[in-house]
Amino acid sequence: MDTANVYGWGENKGRAESIIGNWFAKGGDRRDKVVLATKVYGNMGADGEAWPNHDKLSALNIRRAVDASLKRLRTDHIDLYQFHHIDRDTSFDEIWQAIDVLVQQGKVLYAGSSNFPGYKIAQANEAAARRGGTIGLVSEQCLYNLAERRAEMEVIPAARDYGLGVILWSPLHGGLLGGVLKKQADSGRRASGRAADALADPVLRGRVEAYEALLDKHGLQPGEAALAWLLTRPGVTGPIVGPRTAEQLASALRAVELELSEGVLSGLDEIFPGPGPAPEAFAW
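Quick summary incoming for the structure in this document. (Residues numbered from 1 in each chain as written. Predicted model: local features only at pLDDT ≥ 70, side-chain atom pairs only at ≥ 80, totals over all residues. Heavy atoms only, no water.)

Across its 12 residues, helix α10 (residues 246-257) extends 18 Å between first and last C-alpha, which sits within 8% of the 16 Å expected from 1.5 Å per residue. Among all positions in α10, only Ser 251, Ala 252 and Ala 255 are buried. When α10 is viewed along its axis, its buried side chains cluster within an angular range of 100° and face the same direction. α10 presents Ala 246, Leu 253, Val 256 and Glu 257 as exposed residues on the side facing more than 90 degrees away from its buried surface. Those residues of α10 that are buried lie in contact with α9 (222-231). (Helix = DSSP H or I, 4+ residues; strand = E, 2+ residues; numbered from the N terminus. Expected span 1.5 Å × (residues − 1). Buried < 20%, exposed > 50% of the residue type's maximum accessible area, 1.4 Å probe, protein only. Arc of directions from axis to C-beta. Contact = heavy atoms within 4.5 Å.)

Here you go:
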């Protein structure tokens, strides 16, 4: 279960954690059956102003943010505490000092990163190694899907070399890869957000048309195929899905068992080509 302290946004910052906490409080061993991940970085100041230590990754903000998240989540520990973005103003020595204390206190079990470039993953784990006894990052949560494959250049290779799990957000690119064009034709519902921005690009729209046609030819559901493709990628632990209905959840679960043929995989690569292996893709 993945969330962040700022989710809810605006005047509702923290609301997502509170909803999860209220669910945990209903009992039935709910907390013990969940791997709980949340994030720290965003400004949690009540007035919205980013005063020092109200955001980012200073030791003080990490300490305050953990306690606030634990209160909202109504639990005594966080399984995976993720740095939501890089903090150019705070050294990893300071960050790891704060995390080590939280691990010793039992408030945090493991630390992970989110939206980190490859070189920051390396810096973080090299700093942890120098400290001795600090585990370092165990996971990276990044944007990665058929339509957005830049993570293949540096992020995923760095994560693999350092033994990090790779968790993917927006695996359907905001609905773009979930059969958006067919849904528009059938229901008249317009795309929004990331999907709408992508469809405004005629080249990308053409790729989505080819993508939906390819999967229709093979009798596959676009959303399920996009998730199944991610599970074939080297280094990928799994995508984060946010189903709104029971059918969407069932569809995501079907993707786990779906095996894509070589013909489908090669067709997807032709429509959405990746950057190629690093450094060959950009070095020669």
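A separate point is the side chain of Asp 87. Residue placement: Asp 87 occurs in the loop between β2 (78-83) and α3 (92-105). There is no salt bridge for the buried Asp 87, and the closest opposite charge comes from Lys 56, which lies 5.0 Å off by N-O distance. Of the polar contacts made by the side chain of Asp 87, one reaches the side chain of Thr 90; its length is 2.7 Å. (Lys, Arg positive; Asp, Glu negative; His and termini not counted. Salt bridge = Lys/Arg side-chain N within 4 Å of Asp/Glu carboxyl O. Polar contact = N/O pair within 3.5 Å; in protein donor to acceptor, adjacent residues only side chain to side chain.)

The next thing to look at is the environment of Arg 30. Relative to the helices and strands, Arg 30 is located in the loop between α1 (15-24) and β1 (37-40). Assessed through its relative accessible area of 24%, Arg 30 is described here as partly exposed. Beyond its immediate stretch of four places on either side in the chain, Arg 30 contacts Trp 23 and Phe 24.

This next bit is on the packing of helix α2 (residues 59-73) against α3. Where α2 contacts α3, the two axes come as close as 8 Å, and the packing angle between them is 30°. The pairing of α2 with α3 is recorded here as roughly parallel in orientation. Here α2 runs over α3; the crossing is right-handed. Along the contact surface, α2 presents Ala 59, Ile 62 and Val 66, while α3 presents Glu 94, Ile 95, Gln 97, Ala 98, Ile 99 and Leu 102. Classifying every residue of the contact of α2 with α3 gives seven nonpolar, one polar and one charged. (Axes fitted to C-alpha atoms, helices over the stretch in contact; angles between N-to-C directions. Parallel < 35°, antiparallel > 145°, perpendicular 65-115°, else oblique. Left-handed = near helix turned anticlockwise from the far one by under 90°. Nonpolar A, V, L, I, M, F, W, Y, C, P; charged D, E, K, R; others polar.)

Take the pairing of strand β4 (residues 137-143) next. Across a regular strand the side chains alternate sides, sitting on one face of the sheet and then on the other. Counting buried residues in β4 gives six out of seven residues, a clear majority hidden from the surface. Pairing analysis gives five bridges linking β4 to strand β5 (residues 165-169), with the strands arranged parallel. From the neighbouring strand, Ser 139 faces β5, where its bridge partner is Gly 165. (Pairing = 2+ DSSP bridges.)

Moving on, we come to the nonpolar core. Counting 67 residues, the largest nonpolar core has Phe 83 and Trp 96 as its most contacted members. In this structure, Phe 83 is in contact with Val 40, Leu 57, Ile 95, Trp 96, Ile 99, Ala 111, Gly 112, Ser 113, Ser 114, Phe 116 and Leu 137, ignoring residues within four places of it in sequence. (Core = buried A, V, L, I, M, F, W, Y, C linked by side-chain atoms within 4.5 Å.)

Scanning all chains against the criterion turns up six aromatic pairs. Geometrically, the ring pair formed by Phe 92 and Phe 116 is tilted, given 6.4 Å between the ring centres and 55° between the ring planes. Of this pair, Phe 92 sits in helix α3 while Phe 116 sits in the loop between β3 (108-114) and α4 (118-131), and the two are 24 residues apart along the sequence. Accessibility classification places Phe 92 together with Phe 116 in one group, the buried group. Ring geometry for Tyr 211 and Phe 272: centres 5.7 Å apart, planes at 70°, overall edge-to-face. In this pair, Tyr 211 sits in helix α8 (residues 202-217) while Phe 272 sits in the loop between α11 (262-271) and α12 (280-283), placing the two residues 61 residues apart along the sequence. Here Tyr 211 matches Phe 272 in class, with each residue buried. (Phe/Tyr/Trp six-rings, centres within 6.5 Å; stacked < 30°, edge-to-face > 60°.)

Looking now at the sheet that holds strand β6 (residues 236-239). With parallel pairing, six strands are arranged side by side in an open sheet as β1-β2-β3-β4-β5-β6. Either end of the sheet is taken by a strand with one partner, and the two such strands are β1 and β6. Within the sheet, the average angular offset between the axes of one strand and its neighbour, ignoring direction, is 30°. In the sheet, β3 pairs with β4 via three bridges, with the strands oriented parallel.

Honestly, that's just the spatial picture; any functional story needs more than this.
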